[in-house]
Amino acid sequence: DPNYLTADNNLIFGPYFDSYPRQEVDNTAGIIKVSGYSPKDLSPLTSATSFFSVSFQAKKKGSGNVVVDFQAGKTNLSTLVERGTSKNILGVVGNEKIVIE
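Predicted model only: the values in this text are computed from it and were never measured. (Residues numbered from 1 in each chain as written. Predicted model: local features only at pLDDT ≥ 70, side-chain atom pairs only at ≥ 80, totals over all residues. Heavy atoms only, no water.)

Caption draft 1: Looking closely at the pattern of salt bridges. Counted by the stated rule, this structure contains one salt bridge. Measuring nitrogen to oxygen at the nearest pair gives 2.9 Å for the salt bridge that ties Glu24 to Arg22. Residue class for Glu24 comes out partly exposed when judged on its relative accessible area of 38%. Residue class for Arg22 comes out partly exposed when judged on its relative accessible area of 35%. (Salt bridge = Lys/Arg side-chain N within 4 Å of Asp/Glu carboxyl O. Buried < 20%, exposed > 50% of the residue type's maximum accessible area, 1.4 Å probe, protein only.)

This is the structure in structure tokens:
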């Protein structure tokens, strides 16, 4: 929510992908876009991993949301694409309500 948060432009990328060609932080619109591809290890994931992280600065007191644009099966929003089929296999995402005091 750009009314309450400003994202740090220095995104921190996890160890899973070799390449992160899209790294956009638009604090005016409140949108962060990241694309990662070419896994370093072609084995299927068997545990949680971090794709990227971002730090936020509070702008004012209040409450808002951090939302991940996601619709099951869509490939133009948040996705986790299966190698070989190009199918979006991302099942669910979590959004977060924030309270700034």
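Okay, back to it.
Caption draft 2: Molecular detail of the pairing of strand E4 (residues 31–39). Pairing between strand E3 (residues 17–26) and E4: seven bridges, direction antiparallel. Paired with Phe17 across the bridge in E4 is Pro39. Linking two consecutive strands that pair antiparallel, namely E3 and E4, is a turn of four residues; a positive phi of about 75° is found at Gly30 within it. (Pairing = 2+ DSSP bridges. Helix = DSSP H or I, 4+ residues; strand = E, 2+ residues; numbered from the N terminus.)

Caption draft 3: Main features of the packing of aromatic side chains. Applying the stated rule across the entire model yields five aromatic pairs. Aromatic pair Phe13 and Tyr20: ring centres 4.3 Å apart, planes at 35°, arrangement tilted. For Phe13, a relative accessible area of 26% corresponds to the partly exposed category. Look at Tyr20 and you get buried, because its relative accessible area is 12%. Each ring, one from Phe17 and one from Tyr20, has its centre 5.9 Å from the other, and the planes form 85°; the classification is edge-to-face. Take Phe17 and Tyr20: they sit in the same class, and that class is buried. Through pairs of rings, three or more aromatic residues link up here, namely Phe13, Tyr16, Phe17, Tyr20 and Phe51. (Phe/Tyr/Trp six-rings, centres within 6.5 Å; stacked < 30°, edge-to-face > 60°.)

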